[in-house]
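Chain by chain, the residues run as shown.
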Amino acid sequence: MSAEAADREAATSSRPCTPPQTSWFEFLLEESLLEKHLRKPCPDPAPVQLIVQFLEQASKPSVNEQNQVQPPPDNKRNRILKLLALKVAAHLKWDLDILEKSLSVPVLNMLLNELLCISKVPPGTKHVDMDLATLPPTTAMAILLYNRWAIRTIVQSSFPVKQAKPGPPQLSVMNQMQQEKELTENILKVLKEQASDSILVLEAALKLNKDLYVHTMRTLDLLAVEPGMVNGETESSTAGLKIKTEEMQCQVCYDLGAAYFQQGSTNSAVYENAREKFFRTKELIAEIGSLSLHCTIDEKRLAGYCQACDVLVPSSDSTSQQLTPYSQVHICLRSGNYQDVVKIFIEDNLTFSLPVQFRQSVLRELFQKAQQGNEALDEICFKVCACNTVRDILEGRAISVQFNQLFLRPNKEKIDFLLEVCSRSVNLEKASDSLKENMAAFLKNVCLGLEDLQYVFMISSHELFITLLKDEERKLLVDQMRKRSPRVNLCIKPVTSFYDIPASASVNIGQLEHQLILSVDPWRIRQILIELHGMTSERQFWTVSNKWEVPSVYSGVILGIKDNLTRDLVYILMAKGLHCSTVKDFSHAKQLFAACLELVTEFSPKLRQVMLNEMLLLDIHTHEAGTGQSGERPPSDLISRVRGYLEMRLPDIPLRQVIAEECVAFMLNWRENEYLTLQVPAFLLQNNPYVKLGQLLAATCKELPGPKESRRTAKDLWEVVVQICSVSSQHKRGNDGRVSLIKQRESTLGIMYRSELLSFIKKLREPLVLTIILSLFVKLHNVREDIVNDITAEHISIWPSSIPNLQSVDFEAVAITVKELVRYALSINPNNHSWLIIQADIYFATNQYSAALHYYLQAGAVCSDFFNKAVPPDVYTDQVIKRMIKCCSLLNCHTQVAILCQFLREIDYKTAFKSLQEQNSHDAMDSYYDYIWDVTILEYLTYLHHKRGETDKRQIAIKAIGQTELNASNPEEVLQLAAQRRKKKFLQAMAKLYF
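A brief look at the structure comes next. Please read these numbers as outputs of a predicted model, since none were measured by experiment.

1. Focus on the packing of aromatic side chains
- The tally for this structure, following the rule as stated, stands at 25 aromatic pairs.
- With centroids separated by 5.8 Å and ring planes inclined at 55°, the aromatic side chains of Tyr146 and Trp149 adopt a geometry described as tilted. One end of the pair, Tyr146, and the other, Trp149, are both in helix α8 (residues 137–157), three residues apart, so they sit about a helical turn from each other.
- Classification of Tyr146 as buried rests on a relative accessible area of 9%.
- On the accessibility criterion, Trp149 (1% relative accessible area) is buried.
- Aromatic side chains Phe261 and Tyr305 sit 5.1 Å apart centroid to centroid with 70° between the ring planes, which places their arrangement in the edge-to-face category. Remark: Tyr305 occurs in helix α14 (residues 299–312) and Phe261 occurs in helix α12 (residues 245–263); sequence separation between them is 44 residues.
- For Tyr305, a relative accessible area of 10% puts it in the buried group.
- Here the basic side chain of Arg359 rests over the ring of Phe345, its NZ or CZ set 4.6 Å away from the ring centre.

Written out as structure tokens, the structure is:
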């Protein structure tokens, strides 16, 4: 450097930071000297003071021409001030210890909310509803920072604070302090209300297995230049300051431990969670070292917390506490002791302590080792997969593809092990009814999938199978497997008349009331009531339990019975019967209803009909939960009784709406379309909205194969649903004389409310009916004017393409309904490719591209035997392929984009070449070249790598071109076979990546 240049540098560095005519922050703003100021050894003002000043200036209210105070304007100056505050925090590496120590709660709350805003977190969306794994790394990190600060602030607020000595009283200072105190209290109140959600977000973060990134001054500058994506820089996994997974988990574990420890004062059981989190923090500190740049834990305070947890939650075995299930599994994997991994997974099926994602990652690791030539691991892979499948079943999830593949060739050893896992995974004494039902359904499905009767008898004779399934269910299953048709005749023994049972001697009233609450035997209930009424005549024993609920349409008739004993008995029998039906204890419900029917027949024709109606509903539920699940049609007498109920015209009979719903749904589910379309009496269509809706659905199903011109019923059904989803508008004049428009969400214009329609649809199981309803709502969703990405559905062309009055339709409610219906439909059949495509389109329309790809691939997998066959062209249409291409592009998987361009009917070379030019790709790049069969694309790759000087990648592309089966001189059949084989391998690789 010359002497003259050195003089200029010295003069510049000695220039005062704040000119006299401007404030210091305006000077920093205008002269862009912020970074230079922050690099000083002791900057004055300090960075945290800069944050306060920037945010205070940005949040100053404005005054309009009428001297009215207005919120801070959203202008360029205020946006830059907020950005400068974020850049100062980024300079401090978002260290919450520093920020909390120097910034007040309101200021830090404002700062972190600005971080959420600039990190593309949708406003108004609950963080707990967002999937951190699918979010961009900077967005996920912003959510973690906010929720970490939230629970840290709650914990800090619970500590006693030493009051500062008051100085001389100054009114303005006191007012400012009081305002800040009230604002802090309001923020704390909101944070405490959301504490459970914040804890769930942080618990979900512990399951992430990828590094995160936080905004730096550079990435914030990029956002200021062009909001959104700047060449993918701010959205990619390489932008910003890298926070390793272990460092993030260490901080989160420590903060969660402190939160649980603070909650332990009101719930001592939570101390166990705190202990687990603190000891996990110690393990992570040992892994990453105490000198980590981004993980600052007060180890003395951590040691104090651990010591306190040891006192509050004493442990008899200190060594077992040091080894968490994670550690045990990792030790077993490193040592090759795979049998112990199986034992740990079986034990975990009782405790659910290991996350499902972790268990799946262990299985993937074992699969990879087995594919590398270790054949001894094939048996271990099946055992671990069986353990994971049983865990999925217990938690209500579908059976995985891997299990079905590994169980294609069952043998005695596999079935013995599967039964062992099932037995050891269920504690029959403590297990809930739903858990037992899930296990019983799984065992039944396994039997139905076996061809060898020997294996069926192995399962059906097992103790667990006998315990979980009733005799009738087991016999029915075995009969199905043997393909025998005769039904079992049940012998009905004569029952003693209801009034012929003598009452026993009286006992204490309290004990009798307790027995009355617990008993489900109608004869014992009557005996207890007789004794109670003999002891006192002043009590109304139908009020003993607040759990005894009878529908209001019935209670008026029952409570009008003059005889006290009869009134109590009828009320309690009906209430207990309804409860048993709700919990699917159908045998006891039938006994209670039969006893009640016998009782009311003698004195009340009205209540007799009520009980007949309830017994009809019970028989429908019994069939649907039993033989109906296996596809066996209901007996003809049950169908006749359902018709009789629908056609009933008895006056003054109290009727429950749910019975009409269930009857119409029953007829639709068992395809009684002929009755609903041709034989329903006219008065039913006018008086019963569910019959009207059922008739339209049945007629639409019948007309579906016909020409479009004949589908008049589809238009009628469309109009009915549009009217249900319309909003009634009212005009209201305010105090200022202005007329405002008020929209009523649940309109009374239609034949029923939207919530009633949704409740009815969720009783349907017939695939065609569900497909028609789904396509109707999808079409209704698509007709709105502001839709960018349409959702596709089967049979969507049968509906009208426009609505005369768009403003009358509540499209927000329609969008919610579509999501709920798809979720319900996939719970009925998760392998319906049409419904999977709808779910994928919904995720695509809401910019959740990773989830959209998951469902697009799943739709192809279920209709092609996991891509071993060609995916039908009506499933992977050009529109679906183009959406998959866009998903991959926005996820920065550019090589996948180029490969998918080949799947189109006309190869999109422009998009393929443009994607291959991208150098910032997140997929496997050159390892995907073996999946390219179009020679033009391969030649372009060769040219591109040659131009860039990438010799190795060029050789890979040349090798791919040189494969003999891609020679242009080959017959067309050979070329198609080569393309099909590459499609299969590529789609299977994509499925393993996104499933």
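From this point on, the discussion continues.
2. Description of empty space enclosed by the protein
- The final tally for this structure, using the stated rule, is three cavities of 30 Å³ or more.
- Here the largest cavity is characterised by a volume of approximately 70 Å³.
- For the largest cavity, the full set of lining residues is His894, Thr895, Ser915, Leu916, Glu918, Ser921, Met925, Tyr929, Leu941, His945 and Arg948.
- Elements with a minimum of two residues in the lining of the largest cavity: α44 (894–901), α45 (909–916) and α46 (935–948).
- Here the lining of the largest cavity takes three residues from α46, the largest share from any one element.
- Space inside the second largest cavity adds up to approximately 50 Å³.
- In terms of lining residues, the second largest cavity is bounded by Leu693, Leu697, Leu717, Val721, Leu757, Ile761, Ile773, Leu776 and Phe777.

3. Some remarks on the packing of helix α27 (residues 522–535) against helix α29 (residues 564–582)
- Two elements in contact, α27 and α29, have axes whose closest approach is 10 Å; the angle formed by their N-to-C orientations is 145°. Considering the relative orientation of α27 and α29, their crossing is right-handed. For the pair formed by α27 and α29, the contact residues are Pro522, Ile525, Arg526, Leu529, Ile530 and His533 on the first element and Asn564, Leu565, Asp568, Leu569, Ile572, Leu573 and Lys576 on the second.
- Looking at side-chain class alone, the contact of α27 with α29 contains eight nonpolar, two polar and three charged residues.

4. Observations concerning the side chain of Arg567
- Here Arg567 is to be found in helix α29.
- If sequence neighbours within four positions are ignored, Arg567 has contacts with Gln540, Trp542, Ile558, Leu559 and Ile561.

5. Considerations on the side chain of Arg391
- Along the chain, Arg391 falls in helix α19 (residues 377–394).
- Apart from residues no more than four positions distant in its own chain, Arg391 is found in contact with Asp348, Asn349, Phe352, Leu354, Val356, Arg359 and Arg397.

6. Focus on the nonpolar core
- Counting residues in hydrophobic clusters, the biggest one holds 161 residues, and the most contacted among them are Leu646, Phe777, Leu780 and Tyr876.
- Each of domain 3 (505–632) and domain 4 (852–994) contributes no fewer than three residues to this core.
- If near-sequence neighbours (up to four positions away) are discounted, Phe777 is found in contact with Val721, Cys725, Leu757, Ile761, Val814, Thr817, Val818 and Leu821.
- Ala89, Leu103, Ile118 and Ala205 belong to the second largest nonpolar core, which has 75 residues in total.

7. Quick word on unusual backbone geometry
- Residue Trp94 is not a glycine yet carries a positive backbone phi of 55°.
- Within the element layout of this structure, Trp94 appears in the loop between α5 (76–91) and α6 (96–102).
- Note on Trp94: relative accessible area 5%, which makes it buried.
- A positive phi angle, close to 55°, is found at Asp865, a residue other than glycine.
- Mapped onto the elements, Asp865 comes out in the loop between α42 (849–862) and α43 (878–890).
- By relative accessible area, which is 48% here, Asp865 ends up partly exposed.

8. Points about helix α40 (residues 811–828)
- The end-to-end C-alpha distance of α40 is 26 Å, a good match for the 26 Å that 18 residues give at a rise of 1.5 Å each.
- Listed as buried for α40 are Phe811, Ala813, Val814, Thr817, Val818, Leu821, Val822, Tyr824, Ala825 and Leu826.
- On the buried face of α40, the contacting elements are α38 (754–761), α39 (767–782), α41 (833–845) and α42.

Procedures and definitions
Residues numbered from 1 in each chain as written. Predicted model: local features only at pLDDT ≥ 70, side-chain atom pairs only at ≥ 80, totals over all residues. Heavy atoms only, no water. Phe/Tyr/Trp six-rings, centres within 6.5 Å; stacked < 30°, edge-to-face > 60°. Helix = DSSP H or I, 4+ residues; strand = E, 2+ residues; numbered from the N terminus. Buried < 20%, exposed > 50% of the residue type's maximum accessible area, 1.4 Å probe, protein only. Lys NZ or Arg CZ within 6 Å of the ring centre and 35° of its normal. 1 Å grid on protein atoms, 1.4 Å probe; cavity = no way out; pocket = protein on both sides within 12 Å on 5 of 7 lines; lining within 4 Å. Points joined across faces, edges and corners; volume = space filled by probe spheres on them. Axes fitted to C-alpha atoms, helices over the stretch in contact; angles between N-to-C directions. Left-handed = near helix turned anticlockwise from the far one by under 90°. Contact = heavy atoms within 4.5 Å. Nonpolar A, V, L, I, M, F, W, Y, C, P; charged D, E, K, R; others polar. Core = buried A, V, L, I, M, F, W, Y, C linked by side-chain atoms within 4.5 Å. Domains from an automatic or database assignment. Expected span 1.5 Å × (residues − 1).

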